[in-house]
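# Reading the structure
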Amino acid sequence: MFIDEAETGLVLSGLRRYNLFTTVFFLGRQGRLLQELADRSGLRPGEDALDIGCGPGKLVRVLGRRSGHAGTVTGVDPSEEAIAHNRRRDSRHRYVRSTAQELALPDAAFDVVTCTFVMHHIPEQHRAAALAEMWRVLKPGGRILLADAHMSERLRVAYALTQRLRRREHGDPAAGVDVRQYAAVLRDLGFTAPEFVVSTHSTAMLLATKPGQVSEFG
């Protein structure tokens, strides 16, 4: 499902297996979660959004329906397979092959940046750089949403099992996916005090705003 690359991190490989995994992981409720993520992002009609680690592009398309034809949504992923798949399937939105820590995108271009179930796949030494890139591409007044699994007992067991299958030391399963670990970095970058939210869909979110003048749609 993923290829482990030292500098890039885990890169998606095999979209069918990935889609099957997410269906099982979210117990068939991924569509509801995607809608909640879009709601929490605060994206409004006419605004521009960026989804980092877009995979098969599901959140990109949900955000696209929210921003409407007056706005834009861009999906970024290091996986050549994922980007090619999305470009074939979806001509409305833009898809760019890029890593989170070196975004091939201009400064202050987006009102909203989302990064869901991705940060723990980025090599630890590059995570602060990835967050700095999110700050860079956000407009003043722009919003960031980080999301990852919220470790219920069921998820702790599933995580430990996947780590064993990958022959890794699993340790504390919450340590790698707890989005609260990025709150201090966000504050140091200049974001407002991050808000921590737990969803009903085994997901936790960290939300923050880049200070400055809100766009004309605010």
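Residues numbered from 1 in each chain as written. Predicted model: local features only at pLDDT ≥ 70, side-chain atom pairs only at ≥ 80, totals over all residues. Heavy atoms only, no water.

Taking an unreviewed UniProt entry as the reference, the protein chain is identified by name as Class I SAM-dependent methyltransferase belonging to Nocardia rhamnosiphila.

## Observations regarding the packing of aromatic side chains
Applying the stated rule across the entire model yields 1 aromatic pair. With 5.0 Å between their ring centres and 85° between their planes, tryptophan 135 and phenylalanine 191 make a pair best called edge-to-face. Here the residue tryptophan 135 occupies a position in helix α5 (residues 127-137), and phenylalanine 191 occupies one in the loop between α8 (183-189) and β8 (195-198), the gap between them amounting to 56 residues. The class of tryptophan 135 is partly exposed, set by a relative accessible area of 23%. Under the relative-accessibility criterion, phenylalanine 191 is labelled buried at 5%. (Phe/Tyr/Trp six-rings, centres within 6.5 Å; stacked < 30°, edge-to-face > 60°. Helix = DSSP H or I, 4+ residues; strand = E, 2+ residues; numbered from the N terminus. Buried < 20%, exposed > 50% of the residue type's maximum accessible area, 1.4 Å probe, protein only.)

## As for the side chain of aspartate 51
With respect to the element layout, aspartate 51 can be found in strand β3 (residues 48-52). Buried within the structure, aspartate 51 lacks any salt-bridge partner; arginine 61 is the closest side chain of opposite charge, at an N-O distance of 9.2 Å. Here the side chain of aspartate 51 touches threonine 114 through a polar contact of 2.8 Å, side chain to side chain. (Lys, Arg positive; Asp, Glu negative; His and termini not counted. Salt bridge = Lys/Arg side-chain N within 4 Å of Asp/Glu carboxyl O. Polar contact = N/O pair within 3.5 Å; in protein donor to acceptor, adjacent residues only side chain to side chain.)

## Digging into the environment of valine 62
Summarising the element assignment, valine 62 is placed in helix α3 (residues 58-67). Separated by 28 residues in the primary sequence, valine 62 and leucine 34 place their C-alpha atoms 6.9 Å from one another. Apart from the residues lying within four places of it in its own chain, the contact partners of valine 62 are Leu34, Gln35 and Ala38. (Contact = heavy atoms within 4.5 Å.)

## A few points about the pattern of salt bridges
If charged atoms from side chains of opposite charge come close, those side chains can pair. Throughout the structure, instances matching the rule amount to 11 salt bridges. With a shortest N-O distance of 2.3 Å, arginine 66 and aspartate 39 are connected by a salt bridge. Here aspartate 39 lies in helix α2 (residues 30-41) and arginine 66 lies in helix α3, a separation of 27 residues in the sequence. The class of aspartate 39 is partly exposed, set by a relative accessible area of 48%.

## Notes on α5
All of the buried residues along α5 are Arg127, Ala130, Leu131, Glu133, Met134 and Val137. Taken end-on, α5 shows its buried residues confined to a sector of 155°, consistent with a single buried face. Against β3, β6 (110-116), β7 (138-149) and α8 lie the buried residues of α5. (Arc of directions from axis to C-beta.)

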